[in-house]
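One letter stands for each residue in the lines below.
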Amino acid sequence: MKPQTHPTLPEFDYIKPESLAEASQFLALHPDEARPFLGGTDIFVRMRDGFLVPKFLVDVKHLDGTDAIRFDPLVGLTIGAAVNMNRVIASPEVQKYYPLLAEACRSVASYQLRTRATIAGNLCNASPAGDTIGACLVLDGKLQIHGTACPRLETLSEFFLGPGKTTLKPGDIVTAVSLPVPPGGSAGTYLKLGRNKLSDLSIVGVTVLGSPAPSLPSGFRFRIALSSVAPIPLIAAEAEAALAEQAITSGSIHAAACLASEASTPIDDVRGSARYRKQMVRNLTEMALNQVWQKLQRQDAGR
Ligand SMILES: Cc1cc2nc3c(=O)[nH]c(=O)nc-3n(C[C@H](O)[C@H](O)[C@H](O)COP(=O)(O)OP(=O)(O)OC[C@H]3O[C@@H](n4cnc5c(N)ncnc54)[C@H](O)[C@@H]3O)c2cc1C
């Protein structure tokens, strides 16, 4: 008999509903047996590895406009749940107004994987290592959700409850990710430390978005999100507050990076030890803040 190098997928029924309402009803009727899916790049791996054994997989792509990406200069960007990451990267509006999001998407695995993988799937999977989560958090993302009751909007910063756990209830389907127009003159970066350059989850990920904010004592507002260093993607609130309160210097940037490191609560795993991760949070946050600060100063000098 040939040895099996990989276990195979367990059997399941493929459900293709005609509408979001039908999909929600089906999911709500089978809370422990049915799951929605988009690109399938997380769920099929978890099924193959035996972590999930749903009886029904409900295909929620192509339902009621969830495969559209739209930009409105007053409202911002709406990315339909089924829009894959390569389409996000290729969008002229994303390149112009949300380059940080494009950078985060480009850090995910390979071009081939990104033709399937979606931002909504990355968020709903709720891995603390999800590469697009930091950008969506610092850009003040919201999720449009279709449930068995009325459609609702949920703030992303309140969405994550633990690894793989979110506020979604049976029957809930994320239909889009909404991002307001970023503050004028903003600049950002995403630094991902992985074991290799291709197709690996992050050991530590640091997302920084900075923008001029004349009402703050420092004159600038920095948003900082950390991945792979806590049970949920983390906003480094103390570090953000420190940078709002005092002039931006190499000293205040270093102090903020130390605060971000203190806020992280990483674990030891196959990709790195907790101690290493804490140190890398400090180093990468300092590096990311310096990069963004330089971009902001260059923009200021160019005006
Ligand atoms: C080889 C490989 C490399 C990878 N590399 C990376 C990487 O570098 N960085 C990274 O962040 N990720 C990586 N991933 C993980 C994965 O590709 C991403 O998390 C991706 O964004 C998931 O999107 P999807 O559309 O495929 O999600 P799916 O697998 O379809 O769904 C993911 C989860 O979300 C739920 N879900 C899906 N759609 C909805 C919905 N509309 N409403 C509510 N819940 C929903 C599903 O039930 C499932 O639990 C990798 C995966 C593979 C296989």
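Residues numbered from 1 in each chain as written. Predicted model: local features only at pLDDT ≥ 70, side-chain atom pairs only at ≥ 80, totals over all residues. Heavy atoms only, no water.

Description of the environment of threonine 207
Then comes step 1: Looking at the secondary structure, you find threonine 207 in strand 12 (residues 204–212).
Then comes step 2: Overall, threonine 207 belongs to the buried group, its relative accessible area being 1%.
Then comes step 3: Threonine 207 sits 199 residues away from threonine 8 along the chain, and the two C-alpha atoms are 36 Å apart.
Then comes step 4: Setting aside residues up to four positions removed in sequence, threonine 207 forms contacts with Leu100, Gly134, Ala135, Val138, Thr189, Tyr190, Arg223, Ile224 and Ala225. (Helix = DSSP H or I, 4+ residues; strand = E, 2+ residues; numbered from the N terminus. Buried < 20%, exposed > 50% of the residue type's maximum accessible area, 1.4 Å probe, protein only. Contact = heavy atoms within 4.5 Å.)

A word on the pairing of strand 5 (residues 76–80)
Then comes step 1: Of all the 5 residues making up strand 5, 5 are buried; the element is thus mostly covered by neighbouring parts of the structure.
Then comes step 2: Two strands pair when backbone bridges link them, and strand 4 (residues 69–72) and strand 5 are joined in this way by 4 bridges, in the antiparallel orientation. Paired with phenylalanine 71 across the two strands is leucine 77, which belongs to strand 5.
Then comes step 3: With antiparallel pairing between neighbouring strands as the criterion, strand 4 and strand 5 make up a hairpin whose turn holds 3 residues. (Pairing = 2+ DSSP bridges.)

Quick look at the domain arrangement of the protein chain
Then comes step 1: Domain boundaries assigned for the protein chain yield domain 1 (13–59), domain 2 (69–179) and domain 3 (187–302).
Then comes step 2: Taken together, the 21 residues of domain 2 in the interface contact 22 residues of domain 3.
Then comes step 3: Contact between domain 2 and domain 3 buries roughly 1700 Å² in total, counting both sides, with carbon and sulfur atoms accounting for 64%.
Then comes step 4: Taken together, the connections running from domain 2 to domain 3 amount to 2 salt bridges.
Then comes step 5: Between arginine 223 and aspartate 140 there is a salt bridge, with its nearest N and O atoms 3.0 Å apart.
Then comes step 6: At the junction of domain 2 and domain 3, the tally comes to 7 residue pairs in polar contact (both at pLDDT 80 or more).
Then comes step 7: Counting residues per element, the ones that place at least two in the side of domain 2 that touches domain 3 are helix 5 (99–106), helix 8 (133–138) and strand 8 (160–162).
Then comes step 8: It is helix 8 that provides the largest number of residues to the side of domain 2 that touches domain 3, a total of 5 residues. (Domains from an automatic or database assignment. Buried area = accessible area lost by both parts, 1.4 Å probe. Salt bridge = Lys/Arg side-chain N within 4 Å of Asp/Glu carboxyl O. Polar contact = N/O pair within 3.5 Å; in protein donor to acceptor, adjacent residues only side chain to side chain.)

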